[in-house]
Every structure is written in C-alpha cells, then in structure tokens.
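Structural characterization, general
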Amino acid sequence: PYSITTPILLKCLAFNKIKTLYIMVQKEVADKWIYSKTSNRNAATNIINYYFDMRKVMTIKNINFVPVPKVDSAMVLLNKKTDEQYDPQFYKFIRPFFLAKRKKLINNLPPNIDKKRILPILQEMGFDSNVRAEALDYNHWRKLYNLFKK
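So, here's what we can say about the structure. (Residues numbered from 1 in each chain as written. Predicted model: local features only at pLDDT ≥ 70, side-chain atom pairs only at ≥ 80, totals over all residues. Heavy atoms only, no water.)

Quick word on the pattern of salt bridges
To keep it simple, the criterion reads: Salt bridge, as used here: a side-chain nitrogen of Lys or Arg that lies within 4 Å of a carboxyl oxygen of Asp or Glu. Numbering of helices and strands runs from the N terminus, with a helix taken as a DSSP run of H or I at least four residues long and a strand as a DSSP run of E at least two residues long.
Throughout the structure, instances matching the rule amount to eight salt bridges. Here Glu134 and Arg102 are joined by a salt bridge, their closest N and O atoms 3.4 Å apart. Residue Glu134 is located in the loop between helix H5 (115-124) and helix H6 (138-148), and its partner Arg102 is located in the loop between helix H4 (88-94) and H5; the two are separated by 32 residues in the primary sequence. Here the residues in one salt-bridge network are Lys27, Asp31 and Lys56, joined through shared partners.

Next comes the structure, spelled out in structure tokens:
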C-alpha cells in the first residue's frame with residue numbers, strides 16, 4: 001500500500017548506505033516529489049528533495065494491476081546527492097508544523113516552541129508572521145531544528 005511510502009523511504013535514508021533507489025509510488029506522489037514548488041511541499045517532500053535527485057522513469061497505468069486500483073503508479077529513480085547523515089529526529093521536529101497546512105506557521109507551533117522566540121528567527125530568514133510552513137525550504141527547517149532541538 002502506498003500509505004507506507006514515506007516511512008519506508010525515511011527508513012532507507014537512515015541507513016545512509018543507499019546511493020540509488022528505485023521506488024514505485026502513487027503517480028500523484030511522484031509528481032509532488034519531482035515537480036512541486038517549495039510552496040506545495042510537505043515535511044517529507046522537503047527532506048526527500050534535499051537528499052535525492054529524482055526523475056520519473058515511467059508511469060504504470062492502474063489497469064496493469066489485479067485488482068485494479070483507483071490510481072496510476074510511477075516508477076521513480078532516486079539518486080542520493082549528499083553524504084550528510086539523515087537525522088530521524090529532524091522529521092519528527094518539522095512534521096507537526098505541517099499538520100494544519102493552511103494555518104500560519106506561528107499559529108501552528110508545537111507546544112515546546114514559543115511564538116516570541118521563533119518570530120525573530122523567521123524575520124531574520126526573510127519571512128513575516130504570515131508565513132506558512134510550506135514556504136520554508138529544507139535549509140530553513142534545518143536552521144530551526146538546530147536552534148530548537150533538545
């Protein structure tokens with residue numbers, strides 16, 4: 001089932017020995033990974049785009065499966081582009097910010113992060129108080145993580 005794609009891919013990242021990976025995912029997920037602008041990314045897509053160069057190898061129509069699913073699939077080639085070690089705590093840190101996607105970031109903070117502390121940091125990065133989580137790229141999230149990790 002495609003609902004386990006993100007957890008599997010993040011576990012693969014944790015191994016840090018995988019350089020090339022082929023993975024079949026729902027076509028819409030592949031398109032989001034590969035073609036999304038930063039403003040459409042979620043927590044996992046930010047991480048995946050930082051660690052991998054990706055390209056869609058092929059689309060597999062739903063009629064090629066039994067039973068026939070409601071969605072098409074895509075085979076994606078991922079080539080690791082950095083040797084930086086993946087920290088699983090990083091995903092756990094940024095994921096809560098994306099749970100209410102349409103909320104402003106400062107109104108969607110986890111309980112352990114103070115609004116008064118994060119606002120000046122966001123402003124230093126060039127964002128105002130109306131910024132949403134999907135506007136930040138991996139490097140912005142990494143800076144916040146390094147400042148707030150326990």
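Regarding the packing of helix H1 (residues 5-15) against helix H3 (residues 43-51)
Put simply, the test is: For every element, the axis is a line fit to its C-alpha atoms; helices are fit only across the contacting stretch, and the angle between N-to-C directions ranges from 0 to 180 degrees. Note that the term roughly parallel is reserved for angles under 35 degrees, roughly antiparallel for angles over 145, roughly perpendicular for angles of 65 to 115, and oblique for everything else. In this scheme the handedness of a crossing depends on how the near helix is turned from the far one: anticlockwise by less than a right angle means left-handed, clockwise means right-handed. Contacts were defined at the residue level, with two residues in contact if any of their heavy atoms lie within 4.5 Å.
Between H1 and H3, the shortest axis-to-axis distance is 11 Å and the interhelical angle comes to 40°. Regarding the angle of H1 to H3, the classification is oblique. Note on packing geometry: the crossing formed by H1 with H3 is left-handed. For the pair formed by H1 and H3, the contact residues are Thr6, Leu9, Leu10 and Leu13 on the first element and Ala44, Ile47, Ile48 and Tyr51 on the second.

Some points on a nonpolar patch on the surface
Defined as follows: Only residues whose relative accessible area exceeds 30% and that form no salt bridge enter a patch; like-charged residues are grouped when within 9 Å of one another, and nonpolar side chains (Val, Leu, Ile, Met, Phe, Trp, Tyr) when within 5 Å. Each accessible area value is a Shrake-Rupley result obtained with a 1.4 Å probe; residue values ignore everything except the protein chains displayed when judging cover. The cut-offs for exposure are 20% and 50% of the maximum accessible area for each residue type, with area from a 1.4 Å probe on protein chains only; residues under the lower value are buried, those over the upper are exposed, and the others partly exposed.
The grouping of Tyr22, Val57 and Met58 at the surface amounts to a nonpolar patch, some 300 Å² of accessible area in total. Relative accessible area serves as the criterion here: at 52%, Tyr22 is assigned to the exposed category.

Focus on the sheet that holds strand E3 (residues 73-80)
Which entries qualify depends on this criterion: For two strands to be treated as a pair, DSSP must find at least two bridges joining them.
On the basis of which strands lie adjacent, the open sheet formed by three strands has the order E1-E3-E2 and antiparallel pairing. A strand with exactly one partner marks an edge of an open sheet, and here the two such strands are strand E1 (20-26) and strand E2 (52-60). Along the sheet, successive strands turn relative to each other by an average axial angle of 25°, direction set aside. Note that E2 and E3 share eight bridges and pair antiparallel.

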